[in-house]
Amino acid sequence: MNSQRLLSILFASVLLSACAPLNSYRTAIPQMTSARSEPGSNSTYFECAVDNGTVSATRARCEDEKTATAAPDPQSAGSQAIQHRFYQTQDGVKGDYYLSFIEFDDQGWFANRRQMEALFALLKKLEKEDEATNGHTLIQVYAHGWKHNASACDNNVVCFSRLLERTDLGEKANEVFRVAKSKDAKVRKVVGVYVGWRGLPFDTDLNNISFWTRKDTAARVGRGGVFELLTRLKDYRDIRQRGVAAVTAPEKTDINKTQLVITGHSFGGLVIYSALSHALMERATKTSRADKSECDPDPAAQYDTAKSFGDFVLLVNPAFEGSLYEPLFNIATNRCYKETQRPVMMIVTSRADSDTGALFPIGRALSTLFQHAKSTAQGDSIRKAIGHDERYRTHNLSSCSLDKKNTVQLVGATNAAQPATALTYNVCLSEPNKTGSAITVTYAYNKDGQDTAIPGVDYVAATTTVDILDGNNSAVIKVPVLYDPPAVGTKTVKKLSVTLTGATHAFKVDPAVSTATIRKGKPEPCPCPYLTATADLDLDALIGKSMDVVVDNALEKKDSYGKGISLTSVASPKYASNYPYLVVNTDAGMMADHNAIYNDRFVLFAQRFFLEHIRLKKPMALPGESGNCTPIPNCIEGGLVPCQQSCQLANGDSCSVPPQPESK
């Protein structure tokens, strides 16, 4: 009976998903009066304000619940495909950026191809403005995941906008690039590209059973128009980097000019990987041979530098199985890299992500019920999401880096604004929990009696314990925030401190207190539950101090991504230290759940990583550390395939050889 019910649910979800209509939200597109006119010269790019930006008769609010409908008013911000957005920080720093929406239907077709044409008209317009100052552009592409779309109040739209604001602030703090002796320290214009698709098929709980249809749709979308969009953006970036003079002088190319960063989350990670996997494999496979000479009439083949698609690809909590990554994994591990090799792609998955860690394997097990795996390793790669399969893991990212042994400590807290989801406090263990069971940590609110936040009014004080699970080195205390309507027009700040009081398994507790703030005032019309509003931040605190640390370390050839944050390679298998395809596992302190990708701690890490390794071109390896490539067993020496590998198992085999025993 249970089997029949399951089949009925699956059948109903397929039918309902097929019948659900596709809504194109961004229907207002700039008009061109003449095909021969200068791109952008006769176009109107919708101006709007966000995060304390000035709202006026000609500048609307960028997000508003009133426009978050299936068919927004053509004059509203929620319908605009191209937006020029303005914001202002707490200390009065004003900034702006551009946001483009490009949507796709379930077959991977453009919902309206003119959305892409409008984006390139905008880029051409900005390029013309930059000619006098030799200015450039930073393009950030984002593909959303399951249960999201391009509507005005979708929290991915709001959170991506916040990320663009922080990126623009980073450009304003560009003196760090001058310190690092960069040739081009100019502030670049920031252009965000939001890739929208039908990740949210219904407005009901039926979305929870749309896993299979949305996964297949995400793969189709990636193989469809998204590939064209990303390829055209890459070509535009290449042309801008070279410039007119560098066409005949490639050495004049400067990657600090126009750059392209591509990001995908959840099924959006599948969208991006489906679009780029073959291009990435082609770049990883490329070999060359030196010219023949009297000394070497038959030169051996050698691998070229592995190049990213654009400047960097970042996939966060991606919802696709390891078997899709296996071909690139085989190529990437069975080759060697130059000392100057920088990171190409990073896949980051949180151990606290139950969606890809627990639910995804269940969904895959049902859809691969009749597929045979020839080994345990192959079976895992078919069923597990890539970030939860140890076969592909290269690094661990930790929000905890404590010097004291056997110690539990609070490291970092995140602020909140009404009515945010929760305040969070990061609980760190000095080393991973190896007790075989959970370590329970107890804590108290307002232990010193100095807080202004009131329990039951400002926050919910329902829990006083948190568990650090076996194998983990961190946990997150979540404190829900309550909405307490303030007096009209008033804004206040309420402080709340948390203190650890004890821990099981004989672990010591550091007595340090961690304090967060709740900003109380009129709630945002469309909130981002993970990133504090830029209007509540100041430039120095957010960007200046953090970037100084990065530049100092870049000049000293050291890696540092902030207080308590460490990125370390796995002990086994052993990867070359400059291996460019990073598959990173992180803890709850960096990312509390599947959707918490837009949190200040992870965003800060990502910005620092990009600055060090992409903008400043610093390899992951320190000088002299990258030469740990080893011979490939049974490889034919002297052939056209170089016999070196960058990942070696303990028995000397390449990492591409499945280490698990054959399944029966």
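Small disclaimer: the values here were computed from a predicted structure and weren't measured.

Criteria and thresholds
- Residues numbered from 1 in each chain as written.
- Predicted model: local features only at pLDDT ≥ 70, side-chain atom pairs only at ≥ 80, totals over all residues.
- Heavy atoms only, no water.
- Helix = DSSP H or I, 4+ residues; strand = E, 2+ residues; numbered from the N terminus.
- Expected span 1.5 Å × (residues − 1).
- Bend = angle between axes of the 7 residues up to and from the residue.
- Buried < 20%, exposed > 50% of the residue type's maximum accessible area, 1.4 Å probe, protein only.
- Contact = heavy atoms within 4.5 Å.
- Polar contact = N/O pair within 3.5 Å; in protein donor to acceptor, adjacent residues only side chain to side chain.
- Phe/Tyr/Trp six-rings, centres within 6.5 Å; stacked < 30°, edge-to-face > 60°.
- Lys NZ or Arg CZ within 6 Å of the ring centre and 35° of its normal.
- Pairing = 2+ DSSP bridges.
- Right-handed = clockwise from strand over helix to strand, strands pointing away.

1. Some details on helix α9 (residues 354-367)
For step 1, the next point in the chain: The end-to-end C-alpha distance of α9, which contains 14 residues, comes to 19 Å, matching closely the 20 Å that a straight helix rising 1.5 Å per residue would cover.
For step 2, the next point in the chain: At Phe360, α9 shows its maximal bend, which comes to roughly 35 degrees, and the proline Pro361 appears one to four places after that position.
For step 3, the next point in the chain: When α9 is considered as a whole, its buried residues turn out to be Thr356, Phe360, Pro361, Gly363 and Arg364.
For step 4, the next point in the chain: Of the surrounding secondary structure, the elements contacted by the buried residues of α9 are α5 (211-223), β11 (345-350) and α10 (376-383).
For step 5, the next point in the chain: At the N-terminal boundary of α9, the capping side chain belongs to Asp353, with an oxygen 3.1 Å from the backbone nitrogen of Asp355.

2. Regarding the packing of aromatic side chains
For step 1, the next point in the chain: Overall, the coordinates contain 21 aromatic pairs when judged by the stated rule.
For step 2, the next point in the chain: Between Tyr142 and Tyr194, the ring centres sit 5.9 Å apart and the planes meet at 50 degrees, which makes this aromatic pair tilted. On the criterion of sequence distance, the pair formed by Tyr142 in strand β5 (residues 137-143) and Tyr194 in strand β6 (residues 189-196) is long-range, its members being 52 residues apart. This pair shows no difference in class: Tyr142 is buried, exactly as Tyr194 is.
For step 3, the next point in the chain: Judged by centre distance (4.8 Å) and plane angle (50 degrees), the ring pair of Tyr575 and Tyr579 falls under tilted. Just as Tyr575 is buried, Tyr579 falls in that class too.
For step 4, the next point in the chain: A network of ring pairs unites the aromatic residues Phe101, Tyr142, Phe160, Tyr194 and Tyr598 as a single cluster.
For step 5, the next point in the chain: Between the NZ or CZ atom of Arg26 and the centre of the ring of Phe101, over which it lies, the distance is 3.6 Å.
For step 6, the next point in the chain: Lys147 extends its terminal NZ or CZ atom over the ring of Trp146, reaching a point 4.7 Å from the ring centre.

3. Thoughts on the side chain of Ser308
For step 1, the next point in the chain: Structurally, Ser308 is set in the loop between β9 (301-303) and β10 (312-316).
For step 2, the next point in the chain: Taking relative accessible area as the criterion, Ser308 reaches 7% and is therefore assigned buried.
For step 3, the next point in the chain: Not counting residues within four places of it along the chain, the set of residues in contact with Ser308 comprises Arg283, Val313 and Val344.

4. Re the pairing of β11
For step 1, the next point in the chain: The element β11 is extensively covered by neighbouring structure, given that six of its six residues are classed as buried.
For step 2, the next point in the chain: Inspection of the sheet shows β10 paired to β11 by four bridges, in the parallel sense. Note on β11: the bridge partner recorded for Leu315 is Ile347.
For step 3, the next point in the chain: Since β10 and β11 lie parallel, the crossover through helix α8 (residues 322-333) that links them has a hand, and here it is right-handed.
For step 4, the next point in the chain: With six bridges joining them, β11 and strand β24 (residues 581-586) adopt parallel strand pairing. Bridging across to β24, Met346 finds its partner in Leu582.

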